Structure formats: C-alpha cells, structure tokens
Amino acid sequence: MAPKDENVGREMGEGYKYVSLGLTFASGIILFMVLGLGLDRLLNLMPLFTISGTLVGTVLSFLVVYRKLQEEERRRREQKGR
C-alpha cells in the first residue's frame with residue numbers, strides 16, 4: 001500500500017475554495033440578470049434592465065470575490081508572520 005500524502009486533503013480544500021469563488025461570481029451575475037429580465041418584462045422595456053442588471057451583477061460579484069481573495073491573502077501573511 002502506498003503511503004498516504006497528507007497534503008492531498010489540503011490541496012482539495014484549496015481547489016474547492018476556488019470553485020466556490022467561481023460559483024459565487026457566476027451566481028451573482030445570473031441573479032442580477034434574471035432580476036433585470038423580470039423588470040424588463042414587467043415594465044416592457046426590453047433589454048434595458050437585463051443589460052443593466054448583468055453589468056451591476058458583474059461588478060458586484062467581482063468585488064465580492066476580490067474582497068474574499070484579499071482577506072485570504074491577509075490571513076496567509078499573518079500566519080507567515082507568526
């Protein structure tokens with residue numbers, strides 16, 4: 001039996017973290033796009049709110065992911081400093 005690598009679990013956790021960030025980014029865009037589409041259908045202003053919602057969702061999702069990555073980097077630096 002081959003020896004078990006202790007880093008495998010940690011590496012998989014890192015991978016899942018980045019997959020989660022990608023899903024967060026995509027879901028924010030989709031959520032705001034769907035809300036814009038709903039407003040467009042309600043107000044009969046096709047594609048004004050759909051495009052606006054997509055752009056707002058993109059910017060907000062980017063900011064959320066960016067802040068999470070910055071927080072992770074700050075934690076890594078603090079751990080190295082110990």
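See the structure above.
What counts and what doesn't
Residues numbered from 1 in each chain as written. Predicted model: local features only at pLDDT ≥ 70, side-chain atom pairs only at ≥ 80, totals over all residues. Heavy atoms only, no water. Helix = DSSP H or I, 4+ residues; strand = E, 2+ residues; numbered from the N terminus. Contact = heavy atoms within 4.5 Å. Areas by Shrake-Rupley, 256 points an atom, 1.4 Å probe, with all protein chains shown as cover. Phe/Tyr/Trp six-rings, centres within 6.5 Å; stacked < 30°, edge-to-face > 60°. Buried < 20%, exposed > 50% of the residue type's maximum accessible area, 1.4 Å probe, protein only. Polar contact = N/O pair within 3.5 Å; in protein donor to acceptor, adjacent residues only side chain to side chain. Salt bridge = Lys/Arg side-chain N within 4 Å of Asp/Glu carboxyl O.

A. Representation of the overall build of the chain in the model. Looking only at helices and strands, the chain has 2 helices and 0 strands in total. Here the contacts in the chain between residues at least 6 apart in sequence split such that 60% fall between residues at least 24 apart. Total accessible area computed for the chain in this model is approximately 6900 Å², and 66% of it derives from carbon and sulfur atoms.

B. Expanded view of the packing of aromatic side chains. Within this structure, the stated rule accounts for 1 aromatic pair. Pairing F62 with Y66 gives two aromatic rings, centres 6.0 Å apart and planes at 20°, and the pair type is stacked. Here F62 and its partner Y66 are both found in helix α2 (residues 48–81), 4 residues apart, which amounts to about one turn of the helix. Classification of Y66 as partly exposed rests on a relative accessible area of 43%.

C. Region of the structure containing the side chain of S61. Of note, S61 is situated in helix α2. Look at S61 and you get buried, because its relative accessible area is 5%. At a separation of 3.3 Å, a polar atom in the side chain of S61 contacts the main-chain carbonyl oxygen of F25. When sequence neighbours within four positions are dropped, the list of residues in contact with S61 reads T24, F25, G28 and I29.

D. Looking closely at the side chain of T50. On the secondary structure map, T50 appears in helix α2. Other than its neighbours up to four places away in sequence, T50 contacts M33, G36, L37 and D40.

E. Focus on the pattern of salt bridges. Evaluated as defined, the whole model comprises 8 salt bridges. Residue K17 is joined to E72 by a salt bridge in which the shortest nitrogen-to-oxygen separation is 3.3 Å. With K17 in helix α1 (residues 7–43) and E72 in helix α2, this residue pair connects regions lying 55 residues apart in the sequence. Take K17: its relative accessible area is 25%, and that puts it in the partly exposed class. One continuous salt-bridge network, built from bridges that share partners, spans E14, K17, E72 and R76.

F. Seen up close, unusual backbone geometry. M46 connects to P47 through a cis peptide bond whose omega is -15°. Position of P47 among the secondary structure elements: in the loop between α1 and α2. One non-glycine residue, N44, lies in the positive phi region at around 55°. Counting through the fold element by element, N44 comes out in the loop between α1 and α2.

By themselves, these observations are geometric and do not establish any function.
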